[in-house]
Amino acid sequence: MMPTIGLIMIVRDEEDNLAACLDSARKTVDEIVIVDTGSTDRTMEIARRYTDRVYSYPWHDDFSAARNYAIERSSSRWLLSLDADEELDLSRGDLRMLVDNAGEYEAFFLPLYNPAGSYPGDFTLFPVLRFFRNSPAYRFQGRIHEQVVIRRPEAVGIAEYPGIWHKPATGKKRNRKRSRNLALLRRAVAGEPDNYFLQYYLGVEWLGLGRPQLALPYLKNARANLTDGNILFRLPAIRSLVLCLKALGMTDEAICVCLEESAKYPSCSDLFFDGGLLFEETGEYEIAVRWFREAVNCGPQHPLFSHTNGTGSFLALYHLGHCHEKLGRCREAREYYEKALSANPDYFLPLCSLFLLDLVVVGADQAWDRFRAAGYLERPRHLEVLADLFFEAGCPDLACACLERLPSPGDSGNLLALKQMAKYQLYAGRVETALENIGRLRDAGCLERDLEVDEVIALILKEDYGAAKGRAFSIWRRSPGAGWALLNLLSLMRDGSRCGRPEATGHGEMIETLLAVIENCLRFRQTRTCGEGCLMARRYHHLVSMAMQLLVDLSPDGCLSLSEYLRGKADAVCRLATAKYGKAWELMT
Amino acid sequence: MNRVSLCMIVKNEEKNLRRCLQSVQGYVDEIIVVDTGSTDSTCRIAREFGAVVRDFPWNDDFSRARNASLELATGDWILFLDADEELAGNSGEVLRRITAEEGVEGYFVRVINYLGDEEWVETCPDLIFRLFRNRKDYRFRGAIHEQIVDVILEKNKQASYRIADDLVILHYGYMNGQIEEKNKKCRNLSILERELSSDPQNRLLRYHYGVELYRVERYAEAAAELARAADGIDPGTIYLPKLLRYLVLAYHSAGMPRQAMETVRLCLGLFPDYADIYYYGGLISYEEGAYAQAWDFLQNALSMPEQPAYYASFSGVRGFRACYLLGQIAEIFCNEEEALRYYIQGLRDNPKFIPALESITRILKPQEDPDYARDCLEKLCEFGDPQAHLLMGQILFRQSAFKLALEYLEQGMSRQEASAELKLWKAICLVQQCRYLEALHIFDGIEREHPLYPLAKLNKILCFWFQGNRRKVQEYVEDLLQLGLSRDTGAVVGMLRDSLKKRHKPSGVVLGEEGMALLLDILMRTLDLKEKERALSLIRCLDKECLNKNALAIGELFYRYGYLEVAEQYLGMYLEKNPECAAACYTLAEVKRCMGLDIEAESLYRRALALNPSLPRHYIGLMRLYKNMRSKILRQAVEVYPDAPVLRRLLEEVAAET
C-alpha cells in the first residue's frame, strides 16, 4: 500500500540538528526521504539511523532542484518538507488529522515559528506552504527561497497546527548562511528583475548584514509591487521597510508607511505596534499611546498574516505602560504593566518597570509587599529577576526574601540561584549562612572570584581573621592585586596595621576589588540603631571606611576612581529623582 | 435721556440700605423698594431717599416679590440691586452712558464680592445679569436673577446682550461678619430644590443649586449636581467657566482629587487661558505630591494674561497665591534661594499677604543671624506705621527669633499702647535676652483677673527657673497650682519645680499632647538660652514611655540648636521603637552628617528614601552627602599627592558645583 505521509528533506553538514528534527517528526510520517548535498560530517550516518532512503545529490546552487529530486524519490500521497534546523510540534495535533479532513485541499500552510530567544513567547509566526499532495504538478521553483507553487489559492488550507519551530542559528553559522544566500540571491535577482519575492529576500539579507542603505531600494520595490494576493510576503516586506527606514534615520517616512498600510490592514497589530514604537522613540508619547491601543484592539490575527507574537497583547501593553510612565501617569502605567505581565508572565520587562516605578512611588519595602500581594513572587524566573533588582537597589535582605520563595531555595542543583543567594545573604548581614552556601559552592567546584572575595569579607565580618588570611593568601597567589587589597583590609580591620606597599602589578585589580567591597558593604541595610544589628552595621561601615582609606593611600588613581565612584552614586540618585520629579527636579536643583 | 428705575427687594436691611442708596443717588430716576416684612427702620430709610415703598408678604417666591417691584417701575431701564450691594466709584456715569445705547436689551455687569474679615479682605469678581430694558413681558421667573435672560430671549428672539465691564457692583454679603445665617442658606437651598423638582432640565438652576450645596459644605452632592449641570452643556454658555471651577473645587473638597484633576484638564481644553484652573490644578497636584505637575500648572497660572470678566477670576491666582505655592514647592526641594524669590514676588504682588512674609522670615533664619534678617526685611517691607512693626514682631516671635522680635515689638509699642498679649510677648523676648528684671515688671503688671494671668505667672516662674532659683520657683509654683490648672499644665509646672531639686528621683511624669507642646516650648527657650543641662534635667522628669513617644520632637529640637550628641541619642531612641519613621531617619542622617559620620549618614538617608520615596529631601540629602564625601576625599588626595594636577582640578570642579 502507498504510504500516506512522507517527509522530504535536503541536508548538508547538519549533524548537530538532524536527529532532533527527525525525532520530532517521525511519529507522524510513514516515510522519510533525505537528500544529502555534500555533507562532510556525520549527517549521513545519523540519517541512516532513521531511514534507508538516504540519497546523495551533487549541489549546484539550486535549492529547488535538490528538493524536487527528493520529491521524486518519495512514494507517499502527501509530502512534508522540513529543514534540519526545524522541529515539528505535534503537541496540539498531527498531520494525519489534516489528511483525514483535507477534502478538496491540495496543500496546507503550516505555521513556522521563529523564536528570537530572549524569553518564552518571543517569536514571530510565518505561514509556510510545507505540506502538499504528491503530484507531478507541484514542484519547487526558484534557485533560492524556493516555493511550491499552487495556482489556485482556494485549494490551499491554513492549518493552525502542527507548527514548525525554527531553531535560531548561532551568530557564526548565521553569517555563513547569510553570505552564501547573498551571493545566490544577487545572482537570482539579476536573472529575474521582476521577481519581487527575491527582492524582498535580498532586502532582508542586506538589512540583516547591517546595510540598510543597500536594502532600501529592494524593500521599497517589494512593497510597491507585491500585491494583496501575496499578503504573506507583503506584510513582512512592509515591516522590513519600516525597520530599514528607521535604521536610516528616516523616521517620518517610516511613519508614513505605517499610516498608509495600517489604514489598509486595520486588523494587523504589527503595523500599529511598529507605528507606536516610532512615535515612542521620537518622544510623542500621547500619539504612541493611541497607536499601541489600536494594536491591542486588533484582536486575533488573520492566519495569513505573518505576525510577531505579542504586538497585539503583552508587547503593546508594556509599551502603553512605558508611554504613560513617561507622561507622568503612574497609575495607568502600573495598570498596563500588570496587564502585560499577566498576558505573558515570561516577558519580564514590565516586571522591571513595575519595580522601578514602585521604588520611587512607595519605596523598596512596600514594593516587596505589593509584589507579593499581586502574585509576582511565585514564578522562579520572576523571583530571580526581582532578587537581582532588589540587590541592585540596595536591599539585599529583600533579595534574599525573594530567593527564599523559590521551590527549593539554596538547592545545590540550582547553582546560579545558590550563588546569588550566598552573595545576598552576606550583604544582608547573614554571614554564617552565606559562608555555608559558599562552602557548598566550593564543594561543587564552582566558586568564582567575586564569591571568593565575598568569602574573605564574610570571614572578616565574623572576625575570623585567621581563616580570612588563609583565603586571602590563596587569592593573592593567583591574583596579587585582589589578594593585596584583601590582606590589607583584614589587617586594618584586625589591628589597624598595613602589609606594606603594594606590588607594581595588579594595581587595577586592587582598585576594582576595593570598590566592589565598598559597593557591596554599603548595601547592608541597618534596621536597628542599637544592639546586635548595630554592631554588625558598624563592621560593614568600618569596612567601607577602611577600603576608602586604602584607595586614597594607594595612588592618585585610587583617589580618582573613588571620586568617580561617588560621582556615579550621586548621579544614580539624581536619575532616580529625575524619573520621579521630571522637569521640576531639574529646575529646583 | 433714558430713565433708569432701581428695583430692590428687602427685609431688615437697616445696616446696609443707606450705603446702597447713597451710591445710586443722582444716577437713577426712581427707586422702587419692595419690603417683605421688615421690623426695623428699613422702610423709613428707603423713604428718606424718595423711594416708592411697597409691602409684599413673603411667600417663598423670589420672582413674585421681584416682579412686584417691576410692576411699579416706570423707567426705560431696570437696575436690580440687593441691599448689601452698592455701585462702585464712577459706575453711575457708566450707567447713564450704557443705557443710552441702542439695540441692547440687557447687560451683564461686574460684581466684586468681598470675602474674609476686617483683617484680611479678599475680593472675588463675578459677572451677573442686573440691567435690562423695562418691558411689560420681561418678568422674573424662578429663584435666580439670571433666569430672566431666558425670559427675555423667549419674548424677543433678536434681543442682544452685552457685557458692561466698567459697571461695577460691590457686594459685601460674603464678609464674615455678614455671612447669611444658616437658615437663610437652607431656605435658598429648599427653594432651589423645589424649583428643580418641577424643572429638572434647567441647567442654570442646577448650577446655582450646586453652588449653594458647595456653600453649605455638602461637597460630594455639590460635585454631583454641578457635573450633571455641565453634562452636555453648550460650551458657549456664559457661566460654564465658573461652573467648571466650582466643580473642580467641589471634587477637591470632597476628597476626590482624581475627578478634580480630570475636570481641570477638561476645563483647560475649553478655556486654555483660565488662570484659576491652572492654579487649582497646581494646588491639587501639590497636595497629591505630584510636584513636577504642580510646578507646570503654577508656572502656567503665572503666565496667564488679564482674565475676562466672565471667568470671575479669583484674586492672586496668577500672582501672590501661585507664587506662594511655588515657594513652598521650592522649599520641599530644599532650594531656599528659589523659594525666597517666589515669596518675595508674591509679597510684591500683594504686600498684605502675610503667609509670604512669614515664610520669608523663616528662611532668613532670624534667630541665627538677626542682623542679616533685619537688613533683608527692611529692604523688603515698608515699616511706616507702628502696626507694621508690631506685626513683624509677632511673626518673628512665632519663629522664636526673640532678639529681633523684641526690637520690632519695642518700636511698635513706643508709639502706641499695645494689648496685654503683645506686652506679654515682649516680656518673653526680654527673658530670652536674660533681661529678667524688666520682664518681671511686665509679668507683675498683668492683673489677676486677666485671662493671660496664668501664662504671665508661668513665665515669672521660668525667669527664676532659668536662674536656678530653687526657692522662688518653689514658692511661685505653689501659687500657680492653686489657680487650678489643667492636668497637663500642672504637671509641667511641677516638673519645673522638681527638676531643681538637688537629688531628685525620676518622677515619671506622663504628659498628653497639650503638656508636651508646653514642655517643648520651654525646652526650646531653654536651649535658646544655651542651657543644655537645664533642659536635660527637665527631660529626666519624664516617664520613659512618654519620652520614647516624644523623642523625635526632642531630638529635632536639640539638632536645631546644634547639640548633635544629644540629638543623636534621642533620635536613635525614637528609631529603635519606630524603625519605619522616615522623618527620624532623615533627621538622624543630618545629625550624623554634621558629626562627620558619612557612612552612617548614607545608610540612614537610604533608609529614609526606602521608607518614603515621595520627599525630594531624601534624594537631595543623599546626593549632597555623596558630593561632600567626594570633596573630602579629593581634599585629602590633594594633600597626599600634591603633584597630581588632575586631583586639584577635580576638587575645584566639585567646589564650583556648590
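Residues numbered from 1 in each chain as written. Chains lettered and ligands numbered in written order. Predicted model: local features only at pLDDT ≥ 70, side-chain atom pairs only at ≥ 80, totals over all residues.

**A look at the overall build of chain A**
Moving on, step 1. Looking only at helices and strands, chain A has 26 helices and 12 strands in total.
Moving on, step 2. Counting only contacts in chain A whose residues sit at least 6 apart along the sequence, the fraction spanning at least 24 positions is 61%. (Helix = DSSP H or I, 4+ residues; strand = E, 2+ residues; numbered from the N terminus. Contact = placed C-beta atoms within 7 Å.)

**Thoughts on helix α3 (residues 62-72) of chain B**
Residues and elements named next belong to chain B.
Moving on, step 1. Turning to α3, its buried residues are F62, A65, R66, S69 and L70. The buried residues of α3 occupy an angular sector of 145 degrees when the element is viewed end-on, so they sit on one face.
Moving on, step 2. Taken together, the buried residues of α3 touch β1 (4-10), β2 (30-35) and β4 (77-80). (Buried ≥ 20, exposed ≤ 12 C-beta atoms within 10 Å, placed from the backbone. Arc of directions from axis to C-beta.)

**A short note on the packing of helix α7 (residues 203-215) of chain B against helix α9 (residues 240-253) of chain B**
Each packed pair of helices is defined by two parameters, the angle between the axes and the distance between the axes.
All names here are of chain B.
Moving on, step 1. Relative to each other, α7 and α9 sit at 35 degrees, their axes nearing to 11 Å. Read as a crossing pair, α7 and α9 show a hand that is left-handed. Contacts between α7 and α9 involve Y207, G210, V211 and Y214 from the former and L243, Y246, L249 and A250 from the latter.
Moving on, step 2. Counted by class, the contact of α7 with α9 contains seven nonpolar, one polar and no charged residues. (Axes fitted to C-alpha atoms, helices over the stretch in contact; angles between N-to-C directions. Left-handed = near helix turned anticlockwise from the far one by under 90°. Nonpolar A, V, L, I, M, F, W, Y, C, P; charged D, E, K, R; others polar.)

**Looking at the domain arrangement of chain A**
Residues and elements named next belong to chain A.
Moving on, step 1. Taken domain by domain, chain A consists of domain 1 (5-168), domain 2 (348-446) and domain 3 (452-579).
Moving on, step 2. With centres defined by C-alpha atoms, the gap from domain 2 to domain 3 works out at 23 Å.
Moving on, step 3. Contact residues are listed per partner, giving 13 residues for domain 2 and 13 residues for domain 3.
Moving on, step 4. Elements represented by at least two residues in the side of domain 2 that touches domain 3 include exactly α17 (396-403), α18 (415-427) and α19 (431-443).
Moving on, step 5. Ranked by the residues each element gives to the side of domain 2 that touches domain 3, the list is headed by α19, at four residues.
Moving on, step 6. Looking at the side of domain 2 that touches domain 3 residue by residue, the class counts come to nine nonpolar, two polar and two charged. (Domains from an automatic or database assignment.)

**Some words on the interface of chain A and chain B**
Moving on, step 1. Opposite the 41 residues of chain A that make contact, chain B presents 41 residues.
Moving on, step 2. Those elements giving two or more residues to the side of chain A that touches chain B turn out to be α14 (349-361), α15 (364-373), α24 (532-554), α25 (556-581) and α26 (583-588) of chain A.
Moving on, step 3. At 14 residues, α25(A) tops the list of elements feeding residues into the side of chain A that touches chain B.
Moving on, step 4. By residue class, the composition of the side of chain A that touches chain B is 24 nonpolar, 11 polar and six charged.

**Regarding the domain arrangement of chain B**
Moving on, step 1. The domain boundaries assigned to chain B delineate domain 1 (4-171), domain 2 (485-578) and domain 3 (580-658).
Moving on, step 2. Centre-to-centre, using C-alpha coordinates, domain 1 of chain B lies 68 Å away from domain 3 of chain B.

**Observations regarding the nonpolar core**
Residue and element names in this part refer to chain A.
Moving on, step 1. Formed by 362 residues in total, the largest nonpolar core has its most connected members in F390, L489 and A547.
Moving on, step 2. If one sorts the elements of this core by residue count, α24 sits on top with 11 residues.
Moving on, step 3. For F390, the contacting residues outside a window of four places in its chain are A364, C395, L398, A399 and C402.
Moving on, step 4. L7, V35, L79 and A159 belong to the second largest nonpolar core, which has 38 residues in total. (Core = buried A, V, L, I, M, F, W, Y, C linked by C-beta atoms within 7 Å.)

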